[in-house]
Amino acid sequence: MEPVFRALELTAKLAVRATGTRITFRGVENLPATGGAVIAINHTGYVDFLPAALAATRRGRRMRFMIKAEMNDIATVAWLIRHTGTIPVDRAAGAGAYAAAVESLRRGEIVGVYPEATISRSFELKEFKTGAVRMAGEAQVPIVPLIVWGAHRLWTKDHPKALGRRKFPITVAVGRPIAPDRGTAELDGVLRVEMTHLLHEVQADYEQPAGAFWLPRRLGGAAPTPAEARGLEEAELAERARRRRKDS
C-alpha cells in the first residue's frame, strides 16, 4: 500500500486543485501498465517531478525518482526518501545510485530520470547524460520520453517563485516506449529526437507571449539562448568551486 507514498499522492492532487493549476495529460497510455521502464523527463524547473508523477498515477503506477544526495541533509526529505523508494544520487560517485536504479527497474518499477541532469535555463533540451539509456539497456526495459511544459513558470532558476493560485496551465506529454535494442549512442540519439519532437509539439499548442522569461528565445521569449545558458551554468559551477576552496 505504501501509506507515505499514498499520502504524498493525495497531497499533490490537493495542491494542484488548491492552486487552480490546470494539467493536461497526453499519451499517458504510453506509460507501461506493468513492468519496469525508465521515464526520461525534461528538466526546466524545480517542480517538474510533480506533473510527471501525477501522469504515472493515471496509469496506476508510482514513479521512483532519482534525486541529488544532498537532499538527505534535510531531515524531513531524508525521511521521505527512505519511505518512497526515491534513489539518492551522489554526483561525485554515482555508481551506487545507478545500481540501485537498475535493480528497481528489474523489480518492475518505473524510474524517473532527468537525462539533462540539471535545469535548462534556456528551456530547450540540454546535452544528455547517458545514464538513462544505459540503465534501460542493462535492465532490458523500455525508455519512455516524457515532456513537462509550463511547470517552470511556477519555480525555476534565476527567477522568483510564483507559487499560489496562479492557474498556470501545464502540459504533460508522454511518447511511445523505445526498446533498448541498440547501442548506447544510438539509443541516446533516438531518445533526443523523440523528446525534441514532443517538446516542440507541446510548445506549439501553448501560449507564446513575446518576451516572456519562461519562453525560449527561439519562440520569441526572453530566456537565454542555449549558448548563453551554458555560459551561466559554467559561471555558476566556477563560483561553487571557488566557495568550496574558500571553505576548505
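Below, the structure is looked at part by part. (Residues numbered from 1 in each chain as written. Predicted model: local features only at pLDDT ≥ 70, side-chain atom pairs only at ≥ 80, totals over all residues. Heavy atoms only, no water.)

1. Focus on the overall build of the protein
Using the following cut-off: Elements are defined by DSSP. Helices are runs of H or I of four residues or more, strands are runs of E of two residues or more, and each kind is numbered from the N terminus. Atoms considered for the radius of gyration are the C-alpha atoms alone. The globule rule reads 2.2 Å times the number of residues to the power 0.38. Using a 1.4 Å probe on the protein chains alone, a residue whose accessible area is under 20% of its type maximum counts as buried, one over 50% counts as exposed, and one in between counts as partly exposed. Using the Shrake-Rupley algorithm and a 1.4 Å probe, accessible areas are obtained, with residue cover drawn only from the displayed protein chains. The sign given to each residue is positive for Lys and Arg and negative for Asp and Glu; His and the chain ends receive no count. To locate a charge, take NZ of a lysine, CZ of an arginine, CG of an aspartate or CD of a glutamate.
When helices and strands are counted, the protein shows 7 helices and 7 strands. Start at the N end of the protein and walk to the C end: the helices and strands fall as α-β-β-α-β-α-β-α-β-α-β-β-α-α. The C-alpha radius of gyration of the protein comes to 18 Å, within 12% of the 18 Å expected for a compact globule of 248 residues. Its C-alpha atoms put the protein at 45 × 45 × 40 Å along the principal axes. Out of the 248 residues belonging to the protein, those deemed buried represent 47%. Carbon and sulfur atoms make up 55% of the accessible area of the protein, which amounts to about 12600 Å² in all. Of the charged side chains in the protein, 37 are positive and 27 negative, and the gap between their average positions amounts to 6 Å.

2. A closer look at the packing of helix H4 (residues 95–106) against helix H5 (residues 131–139)
Where we set the bar: Comment: axis = line fitted to C-alpha atoms, over the contacting stretch for helices; angle = value between 0 and 180 degrees taken between N-to-C directions. Should an angle fall under 35 degrees it is taken as roughly parallel, and over 145 as roughly antiparallel, whereas 65 to 115 is taken as roughly perpendicular and any remaining angle as oblique. Throughout, a crossing is termed right-handed when the near helix is turned clockwise from the far one, and left-handed when it is turned anticlockwise from it by less than a right angle. Here, two residues are considered to be in contact whenever any of their heavy atoms come within 4.5 Å of each other. Charged residues are taken to be Asp, Glu, Lys and Arg, nonpolar residues to be Ala, Val, Leu, Ile, Met, Phe, Trp, Tyr, Cys and Pro, and polar residues to be all remaining types, Gly included.
Interaxial distance between H4 and H5 falls to 9 Å at its minimum, and their mutual angle equals 45 degrees. For the element pair H4 / H5, the angle class is oblique. Judged by the twist between their axes, the crossing of H4 over H5 is right-handed. Counting all contacts with H4, which are made through Tyr-98, Ala-101, Val-102, Leu-105 and Arg-106, the residues of H5 involved are Gly-131, Arg-134, Met-135, Glu-138 and Ala-139. When grouped by side-chain class, the residues that make up the contact of H4 with H5 number 6 nonpolar, 1 polar and 3 charged.

3. Notes on the packing of aromatic side chains
Where we set the bar: Whether two aromatic rings pair depends on their centres lying within 6.5 Å, for rings of Phe, Tyr and Trp, where Trp uses its six-membered ring; planes under 30 degrees apart make the pair stacked, over 60 edge-to-face, and the rest tilted. Charges are assigned to positions over rings by a cutoff of 6 Å between ring centre and Lys NZ or Arg CZ, combined with an angular limit of 35 degrees from the ring normal.
Counted by the stated rule, this structure contains 3 aromatic pairs. Their ring planes at 80 degrees and their centres at 5.7 Å tell us that Tyr-206 and Trp-214 sit as a pair that is edge-to-face. In this structure Tyr-206 comes out as buried when scored by relative accessible area, which is 7%. Positioned above the aromatic ring of Trp-155 is the side chain of Lys-161, whose terminal nitrogen or guanidinium carbon lies 4.4 Å from the ring centre. Across the ring face of Phe-128, the terminal group of Arg-192 is positioned such that the distance to the ring centre comes to 4.9 Å.

4. Section: the pairing of strand S7 (residues 169–174)
Convention followed: In this description, strands pair whenever DSSP reports at least two bridges between them.
Counting buried positions along S7 yields 6 of 6 residues, so the element is predominantly enclosed. Pairing of strand S6 (residues 143–149) with S7 involves 4 bridges; the strand directions are antiparallel. Paired with Val-148 across the strands is Val-172, a residue of S7.

5. Thoughts on the environment of Gly-231
Counting through the fold element by element, Gly-231 comes out in helix H7 (residues 226–247). Along the sequence, Gly-231 and Leu-163 sit 68 residues apart, while their C-alpha atoms lie 28 Å from each other.

6. As for the nonpolar core
How we decide: Buried Ala, Val, Leu, Ile, Met, Phe, Trp, Tyr and Cys residues that are joined via side-chain atoms within 4.5 Å together make up what is termed a nonpolar core.
If you look at the biggest cluster of nonpolar residues, it comprises 37 residues, and the most contacted ones within it are Val-38, Met-66, Met-135, Ile-143 and Leu-191. Secondary-structure elements contributing two or more residues to this core are strand S2 (37–41), strand S4 (87–89), H4, strand S5 (110–113), H5, S6 and helix H6 (184–204). Counting 27 residues, the second-largest nonpolar core is a separate cluster that includes Ala-12, Leu-54, Tyr-114 and Val-174.

7. Examining H4
Helical geometry note: an α-helix holds 3.6 residues per turn, so side chains three or four residues apart project in the same direction. Counted only if it meets this: Between the first and last residue of a helix there are one fewer steps than residues, each counted as 1.5 Å, and that sum is the expected span. Think of the arc as the fan of directions from the helix axis to the C-beta atoms.
With 12 residues, H4 extends 17 Å from end C-alpha to end C-alpha; this agrees with the ideal 16 Å at 1.5 Å per step. Those residues of H4 that fall on the buried side of the exposure criterion are Ala-97, Tyr-98, Ala-101, Val-102, Ser-104 and Leu-105. In a view along the axis of H4, the buried residues occupy a sector of 160 degrees, so they form one face of it. Across H4 from its buried face, at more than 90 degrees, point the exposed residues Ala-95, Gly-96 and Arg-106.

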